[in-house]
Amino acid sequence: MLNFFLPDQHVNRIIDIQPEELRQHNIKGIVTDLDNTLVAWDEPEATPELRDWFELMQDAGITITIVSNNSENRVKSFCHPLGIPFISKARKPMKRAIRKAVKNMGFQKDDIVVIGDQLLTDILGGNRLGVHTILVVPIKMTDGWTTRINRKIERRLFSLMRKNGLIDWEEE
């Protein structure tokens, strides 16, 4: 049961993920969460460092789609200036939005990675679809009320994973 929540990889920040590493896994596309994965949940725009990361991925031929549970207004206002396709109101961990993103990118599920900051939405959704998953440390330690509930459950899952020897990093 814990394996449904277990990411394939763990990184501190999304910008720590490099194209060469993704290519080793034959990854051609990224499906990423927005809030607390790319930017803080209350940050409206991409940072210069994140813009550079998007450009690095694009130059390497890696396609990105943002899949977020947040509202269309929030996700569109972030993605539109960057020219990045998105799916809002995704209802992760349901597979439908992730599957749609994979199809829209023209890839098979083995060609993509799902990246996010939450076990209960991003990682569970990616694992349910059977794709490579990467958990990032949340950018900001404050969350909306629904995410706060998820974080409490996550802490218990991390504890169980650590106890069972499934992870060796400390959650932030």
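Here, every reference points to the structure presented above.
What you see is a predicted model; the values in this text were computed from it and never measured.

Section: the environment of Ile-64
Thought 1: Mapped onto the elements of the fold, Ile-64 is located in strand E3 (residues 63-67).
Thought 2: Taking the C-alpha atoms as reference, Ile-64 lies 8.8 Å from Phe-86; in sequence the two are 22 residues apart.
Thought 3: Once residues lying within four places of it in the same chain are set aside, the contact partners of Ile-64 are Ile-30, Thr-32, Trp-53, Phe-54, Met-57, Ile-84 and Pro-85.

A few points about unusual backbone geometry
Thought 1: The omega angle of the peptide bond from Lys-92 to Pro-93 is 20°, so this bond is cis rather than trans.
Thought 2: Positive phi, close to 65°, is recorded for Asn-36, a residue that is not glycine.
Thought 3: Its identity as a non-glycine residue notwithstanding, Arg-91 has a phi of 60°, on the positive side.
Thought 4: Here Arg-91 lies in the loop between strand E4 (86-87) and helix H4 (96-105).

Some words on the pairing of strand E6 (residues 132-136)
Thought 1: The element E6 is largely enclosed, with a buried count of five among its five residues.
Thought 2: Covered by surrounding structure in E6 are His-132, Ile-134 and Val-136 together with Thr-133 and Leu-135, the residues of both alternating faces.
Thought 3: Pairing of strand E1 (residues 9-11) with E6, which is carried by three bridges, proceeds in the parallel orientation. Among the inter-strand pairings, Val-11 is bridged to a residue of E6, identified as Val-136.

Some details on the pattern of salt bridges
Thought 1: On inspection of all chains with the given rule, the structure shows six salt bridges.
Thought 2: Linking Lys-92 and Asp-33 is a salt bridge whose minimum nitrogen-to-oxygen distance equals 3.0 Å. Taken together, the residues Lys-92 in the loop between E4 and H4 and Asp-33 in the loop between strand E2 (29-32) and helix H2 (48-59) connect sequence positions 59 residues apart.
Thought 3: A salt bridge links Lys-140 to Asp-42; its shortest N-O distance comes to 2.4 Å. In this pair, Lys-140 is assigned in the loop between E6 and helix H6 (145-163) and Asp-42 in the loop between E2 and H2, connecting sequence segments 98 residues apart.

Looking at the sheet that holds strand E5 (residues 112-116)
Thought 1: Taken together, the six strands give an open sheet; going across it, the order is E1-E6-E5-E2-E3-E4, and neighbouring strands pair in parallel fashion. In this open sheet, the two edge strands, each paired with only one partner strand, are E1 and E4.
Thought 2: The pairing of E2 with E5 spans four bridges and is parallel. Paired with Thr-32 across the bridge in E5 is Ile-115.
Thought 3: Of the strands in this sheet, E5 and E6 touch helix H5 (residues 119-129), which is tilted by about 165° from E6.

Thresholds applied
- Residues numbered from 1 in each chain as written.
- Predicted model: local features only at pLDDT ≥ 70, side-chain atom pairs only at ≥ 80, totals over all residues.
- Heavy atoms only, no water.
- Helix = DSSP H or I, 4+ residues; strand = E, 2+ residues; numbered from the N terminus.
- Contact = heavy atoms within 4.5 Å.
- Buried < 20%, exposed > 50% of the residue type's maximum accessible area, 1.4 Å probe, protein only.
- Pairing = 2+ DSSP bridges.
- Salt bridge = Lys/Arg side-chain N within 4 Å of Asp/Glu carboxyl O.
- Axes fitted to C-alpha atoms, helices over the stretch in contact; angles between N-to-C directions.

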